Structures are given as C-alpha cells and as structure tokens.
Amino acid sequence: MLTILKSEWFKLRKSNIIGILLAGPLIGLGAGIGADTAEAAGMMNEWYMILIYMNLPYAVLFLPLITGVLASFVCRYEHQAGGWKQLLALPVTRGKVFAAKYVLILLLVLFIQLFYLAAIAGAGLYKGIADPFPAAIVWKSILGGWIAAFPLVALQLWMSVWFKSFAAPFAVNVVFTLPSILAMNSEKVGPYYPWAQPFAMMYPATENGDIFFIPWEQLITVIGGFFLLFYLGGYFYFQRKAV
Amino acid sequence: MEYIVRTENLSKHFGQEKAVSGLEMKIPKGEIYGFLGPNGAGKTTTIRMLLGLMKPTSGRIEIFQNDLKKERLNILKRVGSLVESPSYYPHLTAKENLEAMRKIVGMPKQRINEVLEIVRLTAAGDKKVKGFSLGMKQRLGIAASLLNNPELLILDEPTNGLDPSGIIEIRNLIKSLPSECGMTVLISSHLLSEIDQMATTVGIVTKGKMIFQDSIEAMRMFAQQSVLLKVSESDKAWRALLGRGMKAGLDNGIISLPQQSDENVAEAVRGLVEDGFSVYRVEEEKRSLEDIFLQMTREEQAG
C-alpha cells in the first residue's frame, strides 16, 4: 500500500498540480481582502467576519468542486495511454490502488485547506485586524472542511475511475454542488446534503460543546454514511472494471 | 511436462458475442509460445484474462501451477507484460515512467538503466514520452515488461510500430531470453512470418477458439507451400502427370503440386514439356495465414 502511494505521489509530483492547489486559497484571499469588515469592528472579532466572507465562495463552491478536479487529475494519466492496464498488471490489488488514489486526494485537499489557512491569515494581516487570532476556531474550520470533503472525494474518485473524460465527473460534481446553495438555507435538507457539509463544517458557529461546528450525529451519519456509500460504490466498481 | 501457463475451458463472453470460448492453452517452460490469430480472434482478451485485467466468464487459469484467482499477486510478481498498445504516462520521461513502476515492483534503481540499455533507449531516457515515436514507446513498453526480471514474459504484438531494424533487434532479444534468462515467453501476433521466426511452440486461435496448438515444426507441415502450374490442355497434362506417378491436383485449370522438392518440380516440368504441353507459368502458391486457417478449420470440421 505504501509503495503504491509512493508511486502515485511520484507520478503526481511530476505534473502541474501546484496551480490547482493554489487556486482556491487565492479566491478566498481575494474575498477576504475585498470583504467589508469594518461594520463589525467592536461588535465581534473581525477574524470571524473575514472568515465568513472568505468561506462563502470557498466552502460553498470551490472546495466541493476542487475535489472533482483533483480526482480527475490523479486518474487522468492512467486513462491517457493505457496506464490502468500497466498498473493493474503489476503485483497490486485493485483495492489498494483505489485506496492509494483516495488517500492521495485527501492529502491534496489537506494541503489546500492549509493554504487556505494561510490565506485567512494573509487577508487579516492585509486589513490590519487587531483582534486576537481565534486559533482554535479556525483550526476547527480547516479540519472540519477537510473531513466534510471525505464523501465528496470518494464519489468523485468513483466517477473519475469510471469516465475517461474530464468533463463527465466534473458535470456530476457541478450538478450536485450548485443545489447546495439552496440546501444550506434549508433546515430540513441542509444537514443531510453531502455537498452542503463543507460549508456547515467551516462556518464558525458559537460554542456548541461538540468538537466541530456540526453535531456529532450529523458528522457520523451524514458525512460518515455518505463516505461509506460512495467509497464502497467506487471500490466495488473498480474491482469489476475491465481494463 | 511442466506447464508455465495452462488454461482449462477458458471462456469470455461479451453479451451474445463469444470472444473466447473453451480455450485450452498450454505453454511449456522455456518455450517461446507464438499466439497467432487474425485481428479480433480473442488474443488480447485471452492475454487480459491471463493477467487478471479481465475476469473470465468461465474456466480456469493456472500460471506457475498456481490458480490465478487465488494466487494473483504472487503470480504477477513473476510476470512481465506488454498488453496491446504500449502503456505509458505521457507527462513523465522514459526513466520516470520506469521509476513509477519500479517503486511498486521493488527492484534496485540500477535496473532502470539496464532495461533501457536492453531496448536501446538509453539516449532518450530523460525525454518526455509524449514526444516518442510509436516504435520508441513500444521499446519503452518492452523495457517496462522486463523491469522485474520476470519468469514469464507476455508480449502482445511487440513489434507493432517498429521499423525493420527495430523488429530484427527485438526479435533477437526475444529469442535470447529463454536461454539467457530462463524466461518463458508468450508472444501474440497476427503475422505468421513473425511467429515463424521466433516461436518454438504455436497456438493458433480464430473466433475465440484454439484450432491448433503444437510445435512450430508441426505447424510448418501445414504451412508448406505448393507449386502451381499453368499449362495448355490442363486436363490432359494433369492426367499425364498422374500417369508419371506424381501427386498433383487440378483446380480451375491450374495444376498444383503439393509439398514438392525442387527436383520433383523440375521433373514434373520436364515431363510436361516432353509430352508436348506448353508450360505458361510455374509459381509458388503464396499462402496467407488466412488460407492456413481455412485449411485448418476445414480439416477440423472434416475430422
């Protein structure tokens, strides 16, 4: 498993991934710098304000969409020129190849989240925010957003393994991501809609006693449940795929 | 006999279409097994099943006397393969392509230079593969298949896209593998001439069925050419030849002399001339693979 992951990392390292990793945090940075946080001055920690402004484009749209781009990316060079058959004719199990690709994408999403953290700090410094940096809450937001991406990554990996083209998995992703704008405003649907979870988990709510910004039950049932569903779906599809 | 590859009643159906049916492949150790058949005969499908890339509809595969289903990983550790068109990562150089595989098969780094040297690709080792010609990609594919120093090498149409000198080079390489490295080689092709020059054992497949499997010598018996004569008054001439005790056939006014030595052909021509027939043409019948297939399938049906 580790050897496959090393090989995957090697293949990825030699491709132009860095631009894709930086795009989201830069969008966030732009939103943060452009945010009008002055009205909140004195009423609440300005860092919250900036985080809310930055989260809107980033967690609602960019983070869910980028999972699909990354999944397509790590499968693209396998689809291009018979990579799958060469890889799967080596002494590897398909389950481990699937898992290695999955872990790789999760690592990339984690990098993006960390860049985003840097973007938050950057935007705040640019605006000269004097309030104390709410480190714990920001970390919750960063890690929470990462965990919320688990099921989305699993579904996108499934789609990317399935479809040779870049467009098909991306279309699936867009079709499910856009309604999350509506879903997150609905108390009924919002908590159960997987694509709305990154925003929910990154939104700095007031203390609720849980570790993350959504209740444990929601984390385990919605995020955990959809993760299992999508991961196993992709895993079993890949097991049977003829290459 | 020790078989490196043995399939039992191997079949693969795509819906109604039977790509491979009831295939019994037997590859003895140390042989170069030529897997011969026209396009679409089921060669690549069979090879994919041998590598576990595709699941058989029914039947059993044994490699190194182990069941492929149960021992897939251990078997693949000892197998090198090149399936259909060469596989590669376009964004990586030749060396990096091999490195990505080496990390998985776990050979020393030095092995990359060795296999590049074997296929004479050392000079292009640091170039991106997307700029390679088909022949260079093919060489890289062969290098990749040798990376883990396999005991069984499976090459699907390995000389595709190579220029004539490249074909000879690769052919000599393949021929040397059993004696020098103790490998058993399975090589598929749709060209009889290519198999003829490399293989020691031949399996011929058409429409998913194995119609012939034996040593190359046995196949040459089938493939022997006959000499065709175009003469005046062919019917009479044919009788005259038979009268001289020669084996001859008559088809559409053309006399055929099956499997004759040069002396016999000369004697037949001399006889015809002496008997006053005009000999217009003496030619060797060019028998394509298709003709041999037809002959074999006919004989199979008759038998």
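Structure first, text after, so check above.
Throughout what follows, the structure given in this document is the object of discussion. Numbering of residues starts from 1 in each chain and follows the order in which that chain's sequence is written. For this description, chains carry letters from A and ligands carry numbers from 1, given in the order in which they are written. Totals for whole chains, interfaces and linings use every residue, but because this is a predicted model, local features are given only for residues with pLDDT of at least 70 and side-chain atom pairs only at 80 or more, for both listing and counting. Each side-chain value is derived from all of the structure's non-hydrogen atoms; neither hydrogens nor water enter the calculation.

### Some words on the sheet that holds strand β9 (residues 184-189) of chain B
All names here are of chain B.
And step 1. Strand pairing is defined by DSSP finding a minimum of two bridges between the two strands. Helix and strand labels come from DSSP, where a helix needs a run of H or I of at least four residues and a strand needs a run of E of at least two; each type is numbered from the N terminus. Read from one edge of the open sheet, six strands run β7-β8-β9-β4-β10-β11, paired in mixed fashion. Each having just a single partner strand, β7 (79-82) and β11 (209-215) make up the two edges of the open sheet. When the angles between neighbouring strand axes are averaged without regard to direction, this sheet yields 15°.
And step 2. In what follows, residue pairs with any heavy atoms lying within 4.5 Å of each other are defined as contacts. Axes here refer to lines fitted to C-alpha atoms; in helices the fit is confined to the stretch in contact. Angles between the N-to-C directions go from 0 to 180 degrees. Of the strands in this sheet, β7 and β8 (152-156) are in contact with helix α5 (residues 134-146), which crosses β7 at around 165°.
And step 3. The strands touched by helix α6 (residues 164-181) are β4 (32-36), β8 and β9; relative to β9, the strand with the most contacts, the crossing angle is about 155°.

### Details of the layout of surface pockets
And step 1. Within this model, the largest pocket holds a volume of roughly 500 Å³.
And step 2. Residue assignment for the lining of the largest pocket shows that the elements contributing at least two residues are α5 (94-127) and α10 (216-240) of chain A together with β5 (58-63) and α2 (68-76) of chain B.
And step 3. Here the nonpolar group is Ala, Val, Leu, Ile, Met, Phe, Trp, Tyr, Cys and Pro; Asp, Glu, Lys and Arg are the charged ones; every other residue, Gly included, is treated as polar. For the lining of the largest pocket, a count of residues per class yields nine nonpolar, seven polar and eight charged. The way it works is a 1 Å grid over only the protein atoms, where trapped points that fit a 1.4 Å probe form a cavity and open points with protein on both sides within 12 Å along at least five of seven lines form a pocket, and then any residue with an atom within 4 Å of a point lines it. Grid points are joined across faces, edges and corners, and a volume is the space filled by probe spheres set on the points.

### So, the packing of α5 of chain A against α10 of chain A
Residues and elements named next belong to chain A.
And step 1. Following both chains from N to C, one finds α5 and α10 inclined at 135°, their axes separated by 9 Å at the closest point. Of the possible angle classes, the one that applies to α5 and α10 is oblique. Crossing of α5 over α10 shows right-handed handedness. Contacts from Arg94, Gly95, Val97, Phe98, Ala99 and Tyr102 in α5 reach Phe227, Tyr231, Gly234, Tyr235, Phe238, Gln239 and Arg240 in α10.
And step 2. Here the residues of the contact of α5 with α10 are counted per class, giving eight nonpolar, three polar and two charged. Throughout, the term roughly parallel applies to angles under 35 degrees, roughly antiparallel to angles over 145, roughly perpendicular to angles from 65 to 115, and oblique to all others. It is the rotation of the near helix from the far one that decides the hand of a crossing: anticlockwise by less than a right angle makes it left-handed, clockwise makes it right-handed.

### Quick look at the nonpolar core
And step 1. Take the buried residues of types Ala, Val, Leu, Ile, Met, Phe, Trp, Tyr and Cys, join any two whose side-chain atoms come within 4.5 Å, and each joined set is a nonpolar core. Partly exposed residues are those whose accessible area sits between 20% and 50% of the maximum for their type, while under 20% is buried and over 50% is exposed, using a 1.4 Å probe and protein chains only. With 134 residues, the main nonpolar core has Leu70 of chain A together with Met25, Leu51 and Leu186 of chain B as its most contacted residues.
And step 2. The biggest single contributor to this core is helix α3 (residues 46-80) of chain A, with 17 residues.
And step 3. Each residue touching Leu70 of chain A, except ones within four places of it in the same chain, is listed here: Ile17, Ile20, Leu21, Ile105, Leu108, Val109 and Ile112 of chain A.
And step 4. Among the nonpolar cores identified, the runner-up in size contains 13 residues, and Val227, Ala248, Leu257 and Ala268 of chain B belong to it.

### Points about the sheet that holds strand β14 (residues 254-258) of chain B
Residue and element names in this part refer to chain B.
And step 1. Reading across from one edge, β13-β14-β12-β15 is the order of the four strands in this open sheet, with antiparallel pairing throughout. Two strands bound the open sheet, and with one partner strand each, they are β13 (249-251) and β15 (279-284). Across this sheet, the average inter-strand angle for adjacent strands is 25°, counted without regard to direction.
And step 2. Two elements, strand β12 (residues 226-231) and β14, share five bridges in a ladder whose sense is antiparallel. Within β14, the position partnered with Lys230 by the bridge is Ile254.
And step 3. Here helix α10 (residues 262-274) sits on the sheet and contacts β12, β14 and β15; the angle it forms with β15, its principal contact strand, is near 170°.

### Examining the pattern of salt bridges
And step 1. Put simply, a salt bridge is a Lys or Arg side-chain nitrogen that is within 4 Å of an Asp or Glu carboxyl oxygen. The final tally for this structure, using the stated rule, is 24 salt bridges over all chains.
And step 2. As a salt-bridge pair, Glu78 of chain A and Lys11 of chain A come within 2.8 Å of each other at their nearest N and O atoms. Separated by 67 residues along the polypeptide, Glu78 of chain A in helix α3 and Lys11 of chain A in helix α1 (residues 2-13) bring together distant segments of the chain. Each member of the pair, Glu78 of chain A together with Lys11 of chain A, is buried.
And step 3. Lys43 of chain B is paired through a salt bridge with Glu157 of chain B; the nearest N and O atoms lie 3.8 Å apart. Of this pair, Lys43 of chain B sits in helix α1 (residues 43-50) while Glu157 of chain B sits in the loop between β8 and α6, and the two are 114 residues apart along the sequence. The same class applies to Lys43 of chain B and to Glu157 of chain B, which are both buried.
And step 4. One network of salt bridges, in which partners are shared, links Arg6, Glu8, Arg60, Glu62, Asp67 and Lys70 of chain B.

### Observations concerning the environment of Met210 of chain B
Residue and element names in this part refer to chain B.
And step 1. Tracing the backbone through its elements, the reader meets Met210 in strand β11.
And step 2. Since its relative accessible area comes to 17%, Met210 is described here as buried.
And step 3. For Met210 and Thr122, which are 88 residues apart along the polypeptide, the C-alpha to C-alpha distance reads 39 Å.

### Description of empty space enclosed by the protein
And step 1. Counted according to the given criterion, the structure contains four cavities of 30 Å³ or more.
And step 2. There is about 160 Å³ of room inside the largest cavity.
And step 3. Surrounding the largest cavity, 19 residues form its lining, Gln86, Ala89 and Leu90 of chain A together with Ser81 and Met101 of chain B being those nearest its centre.
And step 4. Within the residue set of the lining of the largest cavity, elements represented by two or more residues are α4 (83-88) of chain A together with β7, α3 (94-105) and α5 of chain B.
And step 5. When residues in the lining of the largest cavity are grouped by element, the largest group, four residues, is from β7 of chain B.
And step 6. Classifying every residue of the lining of the largest cavity by side-chain character gives 11 nonpolar, seven polar and one charged.
And step 7. When its volume is computed, the second largest cavity comes out at roughly 40 Å³.
And step 8. Together, Ser72, Cys75, Arg76, His79, Ser160, Phe163, Lys164, Ser165, Phe166 and Pro169 of chain A line the second largest cavity.
And step 9. It is α3 of chain A that contributes the most residues to the lining of the second largest cavity, four residues altogether.
And step 10. Classifying every residue of the lining of the second largest cavity gives four nonpolar, four polar and two charged.

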